[in-house]
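Fold and geometry: a report
These are the residues of each chain, in order.
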Amino acid sequence: MQDAPPATPAKTTSGLAIASLVTGLTCVWPAAIICGHIALSKIKKSSGQIGGAGMAIAGLILGYLSLALIALWVITIVTVGAGAWKKGSERAQCIMNQQVISAQLEAYCLDKNLKPGDPLEADEALESGTNTSCPSGAQLVITPVVPEQGQPFVSCPFEDGSGHSHSLTTEYDFGDSSVDMPATEE
Ligand SMILES: [Zn+2]
């Protein structure tokens, strides 16, 4: 008859079951889960001498619910953070690629003494292996002609909205006559 359900009400209520319910209600989920499991184990072994199984189960449910919500919250934070990091990383790499291209093209134009509007063959001007792509999935747009001063050599299709822009515009006026005729002013 030891395993039979008790015919009389339990003599005492498990303190751990109460603790589990209280901590479960206040979202102290580790305590709720631990207390709930110990309480259920002791209640089961007591053969009806200790009551409070309902409270222990309620505490366990609340404890695991809190744990699940926290896990969901952490996953969300990590996912959002990783996405933002990836975007920032791609933007930084894109701008770096543009800076490398711009520097090479500017040096090429100075070397060849090209003027604004002159055809500019990127394949010929850029060093082999130069990365001309945007990590976000696009080819950078390289001007087909030498730009005027203040205009960029290269731009990214994602510039608008994604911040793939840079302030690196051409500093040199390739058409500046000072290259051939140095300024005379003292
Ligand atoms: Zn880009």
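Residues numbered from 1 in each chain as written. Predicted model: local features only at pLDDT ≥ 70, side-chain atom pairs only at ≥ 80, totals over all residues.

**Some points on the overall build of the protein chain**
Helix and strand content of the protein chain: five helices and six strands. From first element to last, N terminus to C terminus, the protein chain shows the α and β order β-α-α-β-α-α-β-β-β-β-α. Within the protein chain, the fraction of its 186 residues that count as buried is 25%. Once local pairs closer than 6 in sequence are excluded, the contacts in the protein chain between residues at least 24 apart make up 63%. (Helix = DSSP H or I, 4+ residues; strand = E, 2+ residues; numbered from the N terminus. Buried ≥ 20, exposed ≤ 12 C-beta atoms within 10 Å, placed from the backbone. Contact = placed C-beta atoms within 7 Å.)

**Describing the packing of helix α2 (residues 29-45) against helix α3 (residues 53-112)**
For the pair α2 and α3, interaxial distance at closest approach is 8 Å and the crossing angle is 150 degrees. When the interaxial angle is binned, α2 and α3 end up roughly antiparallel. Here α2 and α3 pass one another in a crossing that is left-handed. Here W29, A32, I33, C35, G36, H37, A39, L40 and I43 of α2 come into contact with α3, specifically with A53, A56, G59, L60, L62, G63, Y64, S66 and L67. Tallied by class, the residues present in the contact of α2 with α3 amount to 13 nonpolar, five polar and no charged. (Axes fitted to C-alpha atoms, helices over the stretch in contact; angles between N-to-C directions. Parallel < 35°, antiparallel > 145°, perpendicular 65-115°, else oblique. Left-handed = near helix turned anticlockwise from the far one by under 90°. Nonpolar A, V, L, I, M, F, W, Y, C, P; charged D, E, K, R; others polar.)

**Quick notes on the nonpolar core**
Counting residues in each nonpolar core, the largest one holds 16 residues, and the members touching the most others are L16, A17, A32, C35, A39, I43 and A56. Within the residue set of this core, elements represented by two or more residues are α1 (15-25), α2 and α3. Looking at this core, the element that brings in the most residues is α2, giving seven residues. Setting aside anything within four residues of it in sequence, one finds L16 in contact with C35, I38, A39 and K42. Counting twelve residues, the second largest nonpolar core, distinct from the first, contains I101, C109, L140 and F153. (Core = buried A, V, L, I, M, F, W, Y, C linked by C-beta atoms within 7 Å.)

**Looking at α3**
Helical geometry note: an α-helix holds 3.6 residues per turn, so side chains three or four residues apart project in the same direction. The first and last C-alpha atoms of α3 sit 88 Å apart over 60 residues, in line with the 88 Å expected at 1.5 Å per residue. Once α3 ends, the next one or two residues include N113, with phi positive near 55 degrees. (Expected span 1.5 Å × (residues − 1).)

**Some remarks on the environment of T169**
One can find T169 in the segment after α5 (159-162). Classification of T169 as partly exposed rests on a count of 13 C-beta atoms within 10 Å. Considered as a pair, T169 and Q149 are 20 residues apart in the sequence and their alpha carbons are 7.5 Å apart. When sequence neighbours within four positions are dropped, the list of residues in contact with T169 reads G150, Q151 and P152.

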